[in-house]
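Chain by chain, the residues run as shown.
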Amino acid sequence: MKKVMIVEDEELILQGIRNILDWDSLGLQVVHMAHDGAEALKMWDEEPVHIVVTDISMPEMDGLELLRRIREKEEQVRFIILTGYDEFDYAREAIRLEVENYILKPIDEEELERQLRETVQKLEAMDKKKIQYIDEKAQWMHFLNGKSGQEDSGKFAGMLGLEECGNYYAAVMKWNMDGLKEKKITDVILELKKDSSMRVVHLPPDSLLLILADGHADEAQALEYFAEMQNQIESSFEVLTFIGMGPAFKSFAQLSKAYQAARKLQKYLLIEGYGSCISQSQTESRKTESIRMDGDRLRKLILKKEQEQAMDYMEDLFINNIRKDASAGALYQMAVKMAVLLEDIKKEYKLESGRFHDLTELIETIFSADDIHGIKAAFVSEIIEIISCMHGEDSQYTPVVRQIIAEVQRNYKEDMNLKTLAYKYHMNASYLGQIFQKETGYSFAQYLSNTKNSVAKDLILNTNMKINDIAKQAGYVDTSYFYRKFKQCYGVSPASMREMKKY
C-alpha cells in the first residue's frame, strides 16, 4: 500500500480528511497526521511517504516550503494541495512546483478521492518505468561483463544507434556522489548526448559508460577528447569525475572487453584523484615494485604512544612518497601489509575495543576507498584508536590523572580547562599539566580534543545526523573550528569521512 501524510493546522479539518474516505479501498495507508510543515518534515524523516495532502497556509512552515524541502530529499513524492479561494496565487505556484493538483476548500470528498486515485495510478506508472529502467541496466551489465553471446552485440549497438565506423573508444566516467542529485545526473547525460559522436549508458549509481564513435581518432586524440569533455562537465555542473579509457576496438562485439579494461582503470582513482583522465596504455608503464613501508618505525611510534609523530609518518608515506607513476597494485600491497601490522599489535597487547575493525573489515575498507586520502584516513583512525586504547589500559595512572580522564569522558561537552580542574583538585595548574602529559602522552587540551573528535567520528560513521548537529553533540560551539580540529586529528574533513564507503 502507498503511504500518505495529511498536513493541516486545523484539528477538525485534519480529522475530517482522515475520516471521510475509505483509505484501504484506495490502496492507501495514512501513516502521519501533522499540524504544520515543520512537524510534517520531522515525521517525514522518521518514515517517508508516497503522497502528501497538505494545506498551504500554516504556522512555522507553510505547505509550499514543505513541498520544496521534501522534494530536495525525494523527487518522486506526490503532493495534493488544499487551498482557499484567496490563496489562488499560492496554488498556481504549487502547480509550477509539480504538485498533482490543488483542491479548493471546503473539500469535496469525491474530488479528493478522484485526485488520490489518479495519483496512485501515476505512482504505479512511475514504479513500472523504474522497473523497466532497472531491467534495462541489468541487461547492459550482463552484456558488458561478457555474459551475453556475440550475436547480442547487434541489439545493443542498435539501442545506441551505432554502425560500424572504424575505431571506437570506450571510457568509464566515475563521479563523486557527495551532494550529487539525480536531476544533476540527468542533466549531465543530456549534455553529453548533444555530441553526435558520443553514446552514453548510465551505470548506476556512480558511473557512465562513454563510447566515442569517431572512426578517424587515434588513442591520443581520443584521450584528449575525453579530457576536454571532462573539463566541460566539471565546470558546467560542479561535479568531480575520474575517467579511465580502454583500448580502441573496431567491432561492437568487442565492447565488453574494452569496457572491462576501462573499468579496471578505476582503481587508479586512488593515486590520480578526481579530475584525472587516463588510458590503459599509460598505466602499462607504471612501476610495480613495492612501496616501502617502515613497519618497525611505525610500530615503535604506536607503542611509544607518539600519536603526532605517527600521524606525520602517515602523511609522509601516503601523500609525499607515493609517486604518480606507482601502480595501484603496489599501493594495495603496502596497505594490506600495514593492516596486518596493526592487527598484530592489537593481538600482541590483547587490545579490545568496539571501535576497532578486524583485519577483514579494514582490508575491505582499503579496497572500497575512493582515493588515497580515504585509505590514509582509515589507517589514521585505527592508529588513533589503538593508541587511545593502550592509554586506557594503562594502570599506572595516578589517582588524580584517572579522575581527570573520567571527568573528560563524562563532561567533554562542557567548557573544560586545566586551570579550573587544578582548582577543583587543589593543585598547581602547571604541575598538573606536566604530570598529565607525562602519564598520558598528551597535553590536556589535546586529550580533550581527541575525546571530542572520537565522539564525532562515531556519530559521523554510525548515524545520519547533520554535521552541524554532530559538532554540537561533540562539544564544539563553532562548526568551522570543529572542522579544523577534526581534520587535524584524522587527516580528512568530517564530510570526507562520511563519504567513505561506510568505513
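As shown above, the structure is provided for reference.
Before going into details, it helps to say that this report is about the structure given with it. Fair warning: this is a prediction, and the values are worked out from it, not measured in the lab. (Residues numbered from 1 in each chain as written. Predicted model: local features only at pLDDT ≥ 70, side-chain atom pairs only at ≥ 80, totals over all residues. Heavy atoms only, no water.)

### Some points on the overall build of the protein
Across its full length, the protein holds 23 helices and ten strands. Every one of the 503 residues in the protein was classed for burial, and the buried ones make up 49%. For the protein, contacts bridging at least 24 residues in sequence account for 69% of all contacts bridging at least 6. Of the roughly 25800 Å² of accessible surface on the protein, 48% is carried by carbon and sulfur atoms. (Helix = DSSP H or I, 4+ residues; strand = E, 2+ residues; numbered from the N terminus. Buried < 20%, exposed > 50% of the residue type's maximum accessible area, 1.4 Å probe, protein only. Contact = heavy atoms within 4.5 Å. Areas by Shrake-Rupley, 256 points an atom, 1.4 Å probe, with all protein chains shown as cover.)

### Here's the deal with the packing of aromatic side chains
Counted according to the given criterion, the structure contains 14 aromatic pairs. Arranged with centres 6.1 Å apart and planes meeting at 70°, the rings of Trp 140 and Phe 143 form a pair that is edge-to-face. Residue Trp 140 and its partner Phe 143 are located together in helix H5 (residues 109-144), separated by three residues, close to a single helical turn. You'll find Trp 140 and Phe 143 in the same group, each marked buried. (Phe/Tyr/Trp six-rings, centres within 6.5 Å; stacked < 30°, edge-to-face > 60°.)

### Quick look at the pairing of strand E4 (residues 78-83)
Within E4, six of the six residues are buried, which leaves the element mostly enclosed by the surrounding structure. As paired strands, strand E3 (residues 51-55) and E4 are joined by five bridges and run parallel to one another. The partner of Asp 55 across the bridge, within E4, is Leu 82. (Pairing = 2+ DSSP bridges.)

### Looking at helix H8 (residues 219-237)
Over its 19 residues, H8 runs 27 Å from end to end, which matches the ideal 27 Å to within 8%, given 1.5 Å per residue. Buried within H8 we find Ala 222, Leu 223, Phe 226, Met 229, Gln 230, Ile 233, Glu 234 and Phe 237. Angularly, the buried residues of H8 cover 130° about the axis, an arc narrow enough to put them on a single face. Among the exposed residues of H8, those pointing more than 90 degrees away from its buried face are Ala 220 and Ser 235. Here H8 starts with a cap whose side-chain oxygen sits 3.3 Å from the backbone nitrogen of Ala 220, and that cap is Asp 218. Backbone geometry just downstream of H8 places Glu 238 in the positive-phi region, at approximately 55°. (Expected span 1.5 Å × (residues − 1). Arc of directions from axis to C-beta. Polar contact = N/O pair within 3.5 Å; in protein donor to acceptor, adjacent residues only side chain to side chain.)

### Some points on the pairing of strand E7 (residues 198-203)
Of all six residues in E7, six are buried, a share of seventy percent or more. The side-chain alternation of E7 yields two buried faces, one formed by Met 198, Val 200 and His 202 and the other by Arg 199, Val 201 and Leu 203. Counted along the chain from E7 to the antiparallel partner strand E8 (residues 207-213), the turn is three residues long.

### Examining the side chain of Glu 8
Its location among the elements puts Glu 8 in the loop between strand E1 (2-7) and helix H1 (11-20). Only 3.0 Å separates the side chain of Glu 8 from the backbone nitrogen of Glu 10, close enough to count as a polar contact. Look past the residues within four positions of Glu 8 in its chain and what remains in contact with it is Ile 13, Leu 14, Ala 34, His 35, Asp 55, Met 58, Leu 82 and Lys 105.

### A look at the packing of helix H17 (residues 399-411) against helix H20 (residues 444-462)
Here H17 crosses H20 at 35°, and the two axes come no closer than 10 Å. As for how H17 packs across H20, the hand of that crossing is right-handed. Side by side, H17 and H20 meet where Ile 404, Ile 405, Val 408 and Gln 409 of the first sit next to Phe 444, Tyr 447, Leu 448 and Thr 451 of the second. Among the residues forming the contact of H17 with H20, the class breakdown is six nonpolar, two polar and no charged. (Axes fitted to C-alpha atoms, helices over the stretch in contact; angles between N-to-C directions. Left-handed = near helix turned anticlockwise from the far one by under 90°. Nonpolar A, V, L, I, M, F, W, Y, C, P; charged D, E, K, R; others polar.)

### Points about the nonpolar core
Nonpolar side chains in soluble globular proteins tend to be buried together. Grouped together as the largest cluster of nonpolar side chains are 83 residues, with contacts concentrated most on Phe 318, Leu 331 and Phe 379. Grouped together as the second largest cluster of nonpolar side chains are 24 residues, Met 198, Val 200, Phe 237 and Met 245 included. (Core = buried A, V, L, I, M, F, W, Y, C linked by side-chain atoms within 4.5 Å.)

### A word on the pattern of salt bridges
Evaluation of the coordinates by the stated rule reveals 14 salt bridges. One salt bridge in this structure joins Lys 174 and Asp 206, with 2.4 Å as the shortest N-O distance. Placement of the pair is Lys 174 in strand E6 (residues 168-175) and Asp 206 in the loop between E7 and E8, with a sequence separation of 32 residues. Overall, the relative accessible area of 10% leaves Asp 206 in the buried class. Between Lys 457 and Glu 385 there is a salt bridge whose closest N-O contact spans 3.2 Å. (Salt bridge = Lys/Arg side-chain N within 4 Å of Asp/Glu carboxyl O.)

### Considerations on the environment of Gln 446
Within the secondary structure, Gln 446 sits in helix H20. Taking relative accessible area as the criterion, Gln 446 reaches 33% and is therefore assigned partly exposed. Measuring from C-alpha to C-alpha, the distance between Gln 446 and Lys 485 comes to 9.9 Å, with 39 residues separating the pair along the chain.

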